[in-house]
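Single-letter residue listing:
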Amino acid sequence: MTGVSAGSEPVGRRHPDLRLVPAVSAAWAAAWWGTAAGAPGRNGLAGAAPAVACLVALGLAAVGLVMSRGVPRRADSRGGGRFGAAPVLVLSVMAAVLATCAVACATRYHAPLPRWAADRAVVEVRAQVTDDPRQVTGGPPGRPPEVAVRIAAHQLAGRGISVRVGAPLLLLGSGAWQAVSAGQTVIAVGRLRAADPGDDVVALLTAQGGPRAVSRGSWPWRLADRLRGGLRRACAGLPTDAGGLLPSLVVGDTSALPDRLRSDLQAAGLTHITAVSGANVAISAGAALWVSSALGAGRRLRLVLTAVVLAGFVVVARPQPSVLRAAAMGGVGLLGLAGARQSRGLPLLAGSGVLLLAIDPWLARSTGFALSCLATAGLLLLAPLWTGSLSRRLPRVLAAGVAVPAAAQAMCGPILVLLQPSVSIVSVPANLLAEPAVAPATVLGLVAALVAPLWPVAAEVPARLGGLATGWIALVAHRAAGMPWGSLPWPSGPGGAVLLAGFTAALIVVTTRWRLGDAGRDPWGAPPRLPPRAAGGPVGPQPSRVRGGAGTRHAARRTPGRRWLAVGVLALLAAVIGWWAGSRLPPWGPGPWPPPDWAVVQCDVGQGAALVARSGVDRAVLVDTGPDPRLMTSCLDRLNVRHLDLVLLTHFHADHVGGLPGVLARRDVREVLVSPLAEPAENAEAVARELAVARVPERVGAAGQSGAADGAAWSVRWRVLAPAQGASPRGGSGPSAAGGDHGDEGSVVNEASLAYVLDVRAPSGSLRLVGMGDLERDGQQALLAWVTARPGVLGPSVDVVEVAHHGSAKQIRELYATLRPRVALIGVGAGNEYGHPAPSTLAMLHGMGVEAFRTDTDGAIAVSVRPGGALSAAPLRGAHPGQGLARGPPRDPPPAR
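Computed from a predicted model, the values in this text were never measured in an experiment.

Novice: What exactly am I supposed to notice about the confidence of the model for the protein here?
Specialist: Close inspection of predicted coordinates is inappropriate for parts of the model with low pLDDT. Considering every residue of the protein, the mean pLDDT works out to 76; 74% of them sit at 70 or more. Least confident of the elements in the protein is strand 26 (residues 883-885), whose mean pLDDT is 44; most confident is strand 11 (residues 611-614), at 96. Under a pLDDT of 50 for its full length, residues 42-50 has, in the predicted model, 13 contacts with residues more than four places off or in other chains. Low confidence marks residues 70-83, where pLDDT is under 50. Its contacts with residues over four positions away, or in another chain, come to 18 contacts.

Shown next as structure tokens:
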């Protein structure tokens, strides 16, 4: 058994150097908090946030100095006093990041920009384009597609003044903005609106008209345009998949990437191939090292050539923050994997993370940055271990091919499950098959980009060879995405991420335990270290200091195994507890339902109606509140809705307004729109009292009224369709004060319901929803006449309809045939005495090919928008599984009346 020298670690038990991990974790936490704390809020304290951050930074630095005097300095085998400096390092890093946040926020939120954004002012902006324009997926029906462009504003003019600013903005404009190029200085006129706190842009600018170009970009931007354009032209003759994937793989240019291939890459776990990542940088730099070494270049010349290739790649892929981050992470990964001492890779990774967060704290909120760090950590920590384990049974090249994607997938899994609540079981095999083609495709594509400006015809040769590689990747993606059971559903939200992290930790412990317990080797690949010669003693194994004295070898061998087994059990236990808490505590996420990309939710509030349309991360538009405040509160809590931009009460029956106290008690409500008929009187008076106490403005709705609730990534535009202002509801002799189905007595109230249309824009697309409250036949007939007379208002069809009057039998078939919805939502209570929903209504919807969901059997229903325009409905319970509902081609025209 290997011995131990006095005051040293056991021979061969050198673990990864984790001393900088607390520092980078502290930097991440400080950047996450500081970027949101410095954003302008609605409480008027935004201006004090930078000062507070500076005070906190100074306080932390002072605490660090005080603590450093009292921390005992313990020596380890590699030098004394390193562990004693850890608290000082952590606090110093936090102080530096917070100070950077304070300075950056003071520059970004320079007055009067935050106030103008809050007031939605129209301004003229002089700015530099910092990224390529991209088309926003799935615009509303009948509306031209929008183009999103990131710009850095330098000068702002509005309200009679002009000020200099330094703020990143996200511009949304017409197709004319597709012609701008990164690096250009442009002038835009548009309306500002505030972004969500913590966003990496200060505000959104909706452009009015096209751009006015002032000047071209500097030579690096022009060179990048020329190289990227040359690569696109060289790929023009390739098959669609291969030609669209090669520029995306090499420089992140996804403009020609087919939608089907994009979705299949995502389903197969190969999306990282289409993004500029550290792997691209490592491949490019590694190829330069290999070529220079083969030519016999010396060490210094090899480093110079590699640096030149690295700089050239950054220019071609756009010198923007995301590419610079990828260059830093790729360089770290290359040094860690190809360097002589792999154990130094993790300190380099952590140090680079701290540096990048100190330069740009908003990277802490970037999913791409988190995935880059975790994937690189997986390559440094897990890939060598798993390669060594598998190489005992497989050839080392094949073992590395399996271990590398598995390590990256294991580390990134908890983050990926937040974006898509599923675990891919074809990801590792797909990466194993596709990864060998990535390196040649990257190198050949880069060669084609460099040759194209000088010799376009010659550039087609490496492009065609690279197209063979990308064609293979596309084939793997299509086959993997088409496999049954290619992915398994997983609980969504932070709870699901914690659960997957626990299972991943347990898997790592189980697969690496015997390697970590091997005392004769360093499990991370370093050679075993011999103990120093003791004074007057022999060189070689020394007696172990295990309890029980020398000779207890079996106890020494058993101890590591037991310790790691205990760690695995505790990890699983922590994962289960975390998942349980995460699925039940509202502040920590929604649990397994709803899906993270939900756009519209029909809440289960019993015999009543409540519909939520998402307008931000924690914002929404609410239509009706159901009869029970507790059920309404529970639904909004589960959706993590904290702010309501609009509450629309279709009419005053108790099953639509009874839950209002639960809404007002815990949420910020901006405005309430109510039915023009204030009946039943006691319900209308109760609503008015509650709104007055909460100081929420109340407005009477009428046809033609409209508005918008806009966020950075989500927005809801609403319009009232009926009743017309001054119209007298028909269909009954008088109102009723009761809730539920009110029969003939309550028809007049039902016919006074507000009918409305909501256009919900999500990051992946948009959907249009029409709701009708409790309209009966007369009200629906009037709405049909109104829609028929204005065919352009709703476009060719709508996506979702909230069925009128809880699915009662009083439906006008021609109205639904005109709307042509894909999904129907019915808010109804189980076992209600009114027979809702009526069998005739369900038969009508089924005969029209509409997928109908009802809250009495399905529970709450969440509708999401998928890339490419498909819809997905996810019921909380019941027989319906979550499924994709394709929009499909337009249906046959409605029958003539």
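Back to the text.
Novice: How do you make sense of the nonpolar core when you look at a structure like this?
Specialist: Across soluble globular proteins, nonpolar side chains have a tendency to be buried as a group. Counting residues in each nonpolar core, the largest one holds 42 residues, and the members touching the most others are Leu 270, Ile 273 and Ile 473. Taken together, the elements giving at least two residues each to this core come down to helix 5 (219-234), helix 6 (240-251), helix 7 (259-267), helix 8 (278-294), helix 9 (299-316), helix 14 (427-451) and helix 15 (456-481). Apart from residues lying up to four places away in sequence, Ile 273 is in contact with Leu 245, Ser 248, Leu 249, Ala 434, Val 438 and Ile 473.

Novice: Which parts of the structure should I look at to understand the sheet that holds strand 19 (residues 755-762)?
Specialist: In sheet architecture, strand pairing relies on hydrogen bonds along the backbone and comes in two forms, parallel and antiparallel. Sheet architecture is open: 7 strands sit in the order 17-18-19-20-21-22-23, paired in mixed fashion. Of all the strands in the sheet, just strand 17 (706-710) and strand 23 (851-854) have a single pairing partner and so form its edges. Each strand of the sheet is rotated relative to its neighbour by a mean of 20 degrees, with strand direction disregarded. Of the pairings in the sheet, the one linking strand 22 (residues 823-826) to strand 23 comprises 4 bridges and is parallel in character. Looking at the pairing, Val 823 lines up with Glu 851 of strand 23.

Novice: Honestly, the packing of helix 13 (residues 396-419) against helix 14 in this entry has me stumped. Any pointers?
Specialist: Two quantities define a packed helix pair, namely the angle between the axes and the distance from one axis to the other. Close contact between helix 13 and helix 14 brings their axes to 9 Å; oriented N to C, the two are set at 130 degrees. One way to sum up the angle between helix 13 and helix 14 is to call them oblique. Helix-helix and strand crossings are classified by hand; for helix 13 and helix 14 the assignment is right-handed. The segment helix 13 lies against helix 14, with Gly 401, Val 402, Pro 405, Ala 406 and Gln 409 engaging Ser 427, Val 428, Asn 431 and Leu 432. For the contact of helix 13 with helix 14, the class distribution of residues is 5 nonpolar, 4 polar and no charged.

Novice: Before we go on, may I ask you to explain unusual backbone geometry in this structure?
Specialist: Glycine aside, the phi torsion of most residues is negative, and most peptide linkages are trans. Between Ala 722 and Pro 723 the backbone carries a cis peptide bond, its omega angle lying at 0 degrees. Here Pro 723 lies in the loop between strand 18 (715-722) and helix 22 (747-751). Between His 836 and the following residue, Pro 837, the backbone shows a cis peptide bond with an omega angle of -10 degrees. Its identity is not glycine, yet Arg 695 carries a phi of approximately 60 degrees, on the positive side. Along the chain, the position of Arg 695 falls in the loop between helix 21 (681-694) and strand 16 (698-700). Of note in the backbone geometry, Arg 820 takes a positive phi value of approximately 50 degrees without being a glycine. Within the secondary structure layout, Arg 820 lies in the loop between helix 25 (813-819) and strand 22.

About the criteria used
- Residues numbered from 1 in each chain as written.
- Predicted model: local features only at pLDDT ≥ 70, side-chain atom pairs only at ≥ 80, totals over all residues.
- Heavy atoms only, no water.
- pLDDT = per-residue confidence, 0-100.
- Helix = DSSP H or I, 4+ residues; strand = E, 2+ residues; numbered from the N terminus.
- Contact = heavy atoms within 4.5 Å.
- Core = buried A, V, L, I, M, F, W, Y, C linked by side-chain atoms within 4.5 Å.
- Buried < 20%, exposed > 50% of the residue type's maximum accessible area, 1.4 Å probe, protein only.
- Pairing = 2+ DSSP bridges.
- Axes fitted to C-alpha atoms, helices over the stretch in contact; angles between N-to-C directions.
- Parallel < 35°, antiparallel > 145°, perpendicular 65-115°, else oblique.
- Left-handed = near helix turned anticlockwise from the far one by under 90°.
- Nonpolar A, V, L, I, M, F, W, Y, C, P; charged D, E, K, R; others polar.

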